[in-house]
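If you want the building blocks of each chain, they are given just below.
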Amino acid sequence: MTGQVTASFDGRLTPVERLTVLYDAQCSLCVHVRHWLMKQRQLVPLDLVPAASEEARRRFPGLDHAETLSEITVIGDRGQIYRGTSAWIVCLWALAEHRPKAHWLATPTGLPFARASVLAAAKYRSVTAAPCGPGDEACRVPDLEG
């Protein structure tokens, strides 16, 4: 595959061949975006896993799973971690129809638009999400979605 994103670890470049998107399964916007991502033609395969679920904990035991519920997190197959704005951009980069937009959003000109989109989504999520407390069964994270 050509045009892979690479991340540098200890001076080495590591290609991204698969991405795992951790999304909040209790957030209607997040679930909507999950369904949208699944319908897109993917140049890099996306695994969509509920954040803080048993599946997420099994795949990424060293990750701060509470943090993944507060901010979108995308993990590359070789340990690359993208959060927030970078996570949204890498999701778009993985999609055939949106890769050019992702390249533009990663530039100094496009980055403010990407940040504004992420902030708008976070604001929407904060006003539409039900408040959850410890042990609240209604806010339980599912193990996996079908």
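About the criteria used
Residues numbered from 1 in each chain as written. Predicted model: local features only at pLDDT ≥ 70, side-chain atom pairs only at ≥ 80, totals over all residues. Heavy atoms only, no water. Salt bridge = Lys/Arg side-chain N within 4 Å of Asp/Glu carboxyl O. Helix = DSSP H or I, 4+ residues; strand = E, 2+ residues; numbered from the N terminus. Buried < 20%, exposed > 50% of the residue type's maximum accessible area, 1.4 Å probe, protein only. Phe/Tyr/Trp six-rings, centres within 6.5 Å; stacked < 30°, edge-to-face > 60°. Pairing = 2+ DSSP bridges. Right-handed = clockwise from strand over helix to strand, strands pointing away. 1 Å grid on protein atoms, 1.4 Å probe; cavity = no way out; pocket = protein on both sides within 12 Å on 5 of 7 lines; lining within 4 Å. Points joined across faces, edges and corners; volume = space filled by probe spheres on them. Nonpolar A, V, L, I, M, F, W, Y, C, P; charged D, E, K, R; others polar. Axes fitted to C-alpha atoms, helices over the stretch in contact; angles between N-to-C directions. Contact = heavy atoms within 4.5 Å. Expected span 1.5 Å × (residues − 1). Arc of directions from axis to C-beta.

Caption draft 1: Focus on the pattern of salt bridges. Scanning the model with the defined rule gives 6 salt bridges in all. Of the charged contacts in the structure, one is a salt bridge between Arg 59 and Asp 47, with a shortest N-O distance of 3.4 Å. Here the residue Arg 59 occupies a position in helix 2 (residues 54–59), and Asp 47 occupies one in strand 4 (residues 46–50), the gap between them amounting to 12 residues. What makes Asp 47 buried here is its relative accessible area of 17%. A single network of salt bridges, built from pairs that share partners, joins Arg 18, Asp 47, Glu 55, Arg 58 and Arg 59.

Caption draft 2: Geometry of the packing of aromatic side chains. This structure, assessed with the given rule, holds 1 aromatic pair. Measuring from centroid to centroid gives 5.4 Å for Trp 104 and Phe 113, while their planes differ by 35°, and the two rings are tilted. A relative accessible area of 52% places Phe 113 in the exposed class.

Caption draft 3: Seen up close, the pairing of strand 4. Most of strand 4 is tucked away, with 5 of its 5 residues classed as buried. As paired strands, strand 3 (residues 19–23) and strand 4 are joined by 5 bridges and run parallel to one another. Following the sheet pairing, Thr 20 is matched in strand 4 by Asp 47. With helix 1 (residues 28–39) bridging strand 3 and its parallel neighbour strand 4, the resulting β-α-β unit is right-handed.

Caption draft 4: The arrangement of helix 4 (residues 84–93) in detail. Burial analysis of helix 4 places 8 of its 10 residues in the buried class, which makes it a mostly covered element. Of the residues making up helix 4, those classed as buried are Gly 84, Thr 85, Ala 87, Ile 89, Val 90, Cys 91, Leu 92 and Trp 93.

Caption draft 5: Looking closely at the layout of surface pockets. The computed volume of the second largest pocket comes to approximately 340 Å³. What lines the second largest pocket is a set of 15 residues, among which Val 33, Trp 36, Trp 88, Leu 92 and Ser 117 lie closest to the centre. Sorting the residues of the lining of the second largest pocket by element identifies helix 1, helix 4, helix 5 (99–105) and helix 6 (111–128) as the ones contributing at least two each. Per element, the largest residue contribution to the lining of the second largest pocket is 5 residues, and it comes from helix 1. A per-class count over the lining of the second largest pocket returns 12 nonpolar, 2 polar and 1 charged.

Caption draft 6: Up close: the sheet that holds strand 3. The mixed open sheet is built from 4 strands, whose spatial order is 4-3-5-6. Strands with a single pairing partner mark the edges of an open sheet, and in this sheet they are strand 4 and strand 6 (81–83). Between one strand axis and the next, the sheet turns through 20° on average, direction left out of account. In the packing of helix 1 onto the sheet, contacts are made with strand 3 and strand 4, and the angle to strand 4 comes to roughly 160°. Along the sheet face, helix 4 touches strand 3, strand 5 (73–76) and strand 6 and points at about 110° away from the line of strand 6.

Caption draft 7: Summary view of helix 1. In this model, helix 1 (12 residues) spans 17 Å end to end at C-alpha, consistent with the 16 Å of a helix rising 1.5 Å per residue. Within the sequence span of helix 1, burial applies to Cys 30, Val 31, Val 33, Arg 34 and Leu 37. For helix 1, the angular spread of the buried residues around the axis is 160°, confining them to a single face. When the buried face of helix 1 is taken as reference, the exposed residues oriented beyond 90 degrees from it are Ser 28, His 32 and Lys 39.

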